[in-house]
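Residue strings, one per chain:
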Amino acid sequence: MEPDDPRHPTWTLRLTASAEGPAHAHARGQRFDVGDALSFDEAYPHATALEHALAAAGAELVNGLRALARLRRLELDAVEALVQGKLEDALAHLAVVGAEGSPALRSLHVRLYASTLEPEGAVRELLEQVQARAPLWQTLRRAGVQLSVELKVAP
Amino acid sequence: MSADKPIVVGAVIYDPKVTVIWGIIRDFFEQQGRPIDVSFFKNYELQVDALLQRRLDVAWNSPLAWLDAQQRTGGRCRAIVMRDTDRDRCTHLVVRTGAGFSSVPDLRGKTVALGAKDSPQAALIPTEMLRSFGLYPREVTLRNFDVMVGLHGDHTGGELEAFQCLERGEAQASAMLDLNWDRWSKDGTVNPQQFRVLATSEPFDHCNFTVHRDFPEARERSFREALFAMSYDDPKHREMMDMEGLKAWLPARTTGYEWLARAVDLQKFWEQNL
């Protein structure tokens, strides 16, 4: 059997959908639940696929920033992000008659807070590198989603 | 047509969250053993098209969409059910307190801010109110805020922008539905110390469930009975009824659309908006 091209390793997940509840995703030894594609109901009891996607993109940045800071021996006390995504036309997802747009993601804005005594410029440089290495972030950028990051650095 | 075939109900979506309410209503009908399918529309024109093409059995229509359906079918539609809160609504003309206006004719030569041009409560009826006091469009400047035209004022954005225009001093009066005056006075959007109601329109009726005249009586009865089975005293129903803003479903009446029909006619609304 030919080994994988090291540039293109494969990740595999297994998903099972129940009649009423969320889909159960299994990845390696981990399991997590994913709800509907999206929901407008504040009381909907599961994290939706869209929320998972936004969380994943945000997690690339916050986790990536921490990991890279550790490698560079920079100390970050706390890192937090607020992620906001907008669709091109949510009515298209709802199959509303007359909705002509696409339900694709239109924009993703991340407000990122880093608490540190390190120079702000050093943190900004780290964040640029994290974005450049983040698979989802780069995929969204290439797909034309409007991406923006607002970094606040405070001691 | 099978008696068990779901009744297809149309609703216009002025906010994606409205689909949540309709999901609950659909589940309620299912529990009653009277299933419905719900189709969503981006505007009322498309919904009325679907009703007339028999792609819908029942349409949840704005008062203007009701008139549209009647006009386009030569009066061959029927209004079957409405909310208690759809009856006897009225429009207020709001002015700044202390601005020196004591009656509607004092607005002669002034600017009145209105909602979207197809809003019964915030454009068509208030224009008719002004006309009834002798203030024809040439004697008063009407400034429309055409937010989400096609939704017949369901989206309150135009009505709110009209009030904000009054607030900025760019208009001397603005029009709003009584329910919005009540709500905005309570939530702080409107300061009732700084603004007051100058005049109130004659009462008029709002939305209704509309069917084509040949909609089978048995299916109509089934639909009506399911709605009338909702009780505000039942906690399971109350949440749904609060979301839709009613305490009881009532048989529809059409006498409450006369004011709007006159406004549409005198303002040549259809001729100007076709």
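Residues numbered from 1 in each chain as written. Chains lettered and ligands numbered in written order. Predicted model: local features only at pLDDT ≥ 70, side-chain atom pairs only at ≥ 80, totals over all residues.

**Comments concerning the overall build of chain B**
Keep this limit in mind: Per the convention used, a helix needs a DSSP run of H or I reaching at least four residues, while a strand needs a run of E reaching at least two, with both numbered from the N terminus. The globule rule used here is 2.2 Å times the number of residues to the 0.38 power, and the radius of gyration it is set against is calculated over C-alpha atoms. Partly exposed residues are those whose C-beta has more than 12 but fewer than 20 other C-beta atoms within 10 Å; 20 or more makes a residue buried and 12 or fewer makes it exposed, with C-beta atoms placed from the backbone. By definition, residue pairs are in contact when their C-beta atoms, positioned from the backbone, come within 7 Å.
Along chain B, the regular secondary structure elements total 10 helices and 11 strands. Taking 2.2 N^0.38 as the reference for a compact globule, 274 residues should give roughly 19 Å; the C-alpha atoms of chain B span a radius of gyration of 19 Å, in line with that estimate. Its C-alpha atoms put chain B at 65 × 40 × 30 Å along the principal axes. Across the 274 residues in chain B, those meeting the buried criterion constitute 44%. A sequence separation of at least 24 residues applies to 78% of the contacts in chain B between residues at least 6 apart.

**Quick word on helix H5 (residues 157–167) of chain B**
All names here are of chain B. Of all 11 residues in H5, 8 are buried, a share of seventy percent or more. Residues of H5 that are buried make contact with strand S5 (91–96), strand S6 (111–114), helix H4 (120–132), strand S7 (141–144), strand S8 (173–177) and helix H6 (178–187). Two residues or fewer past H5, glycine 169 is found with a positive phi of approximately 85°.

**Looking at unusual backbone geometry**
Residue and element names in this part refer to chain B. For histidine 152, which is not a glycine, the phi torsion comes out positive at approximately 55°. Along the chain, histidine 152 turns up in the loop between S7 and H5. A positive phi is found at lysine 268, a non-glycine position, where the angle reads about 50°. According to the C-beta neighbour criterion, lysine 268 is exposed, with 9 such atoms within 10 Å.

**Focus: the sheet that holds strand S3 (residues 30–34) of chain A**
Residues and elements named next belong to chain A. Note the cut-off: If DSSP finds at least two bridges between two strands, the strands pair. Angular values range over 0 to 180 degrees, each being the angle between N-to-C directions of two axes fitted as lines to C-alpha atoms, with helices fitted over their stretch in contact.
The sheet built from 3 strands is open, its strands ordered S1-S2-S3 with antiparallel pairing. The two strands at the open ends of the sheet, each matched to only one other strand, are strand S1 (14–17) and S3. Neighbour-to-neighbour, the strand axes of the sheet open up by a mean angle of 20°, direction not taken into account. Strand direction decides the pairing type here: strand S2 (residues 23–27) and S3, joined by 5 bridges, are antiparallel. Within S3, the residue paired with alanine 27 across the bridge is glutamine 30.

**Some details on the interface of chain A and chain B**
This is how it is decided: Note on residue categories: nonpolar means Ala, Val, Leu, Ile, Met, Phe, Trp, Tyr, Cys or Pro, charged means Asp, Glu, Lys or Arg, and polar means any other residue, Gly included.
On the chain B side, the residues contacting the 10 residues of chain A number 12 residues. Residues that form the side of chain A that touches chain B fall into these classes: 8 nonpolar, 1 polar and 1 charged.

**Quick notes on the confidence of the model for chain B**
Using the following cut-off: For every residue, the pLDDT score states the predictor's confidence, bounded by 0 at the bottom and 100 at the top.
Looking at chain B, the pLDDT average stands at 95 and 99% of residues meet or exceed 70. With pTM at 0.89, the complex prediction returns an ipTM value of 0.86.

**A closer look at the environment of tyrosine 113 of chain A**
Residue and element names in this part refer to chain A. Mapped onto the secondary structure, tyrosine 113 falls in strand S5 (residues 105–115). Residue tyrosine 113 is classed as partly exposed on the basis of its C-beta count, with 15 C-beta atoms lying within 10 Å. In the structure, tyrosine 113 is positioned 32 residues away from valine 145 in sequence and 22 Å away in space, judged by C-alpha atoms. Excluding anything up to four places from it in sequence, tyrosine 113 contacts Glu80 and Lys152.

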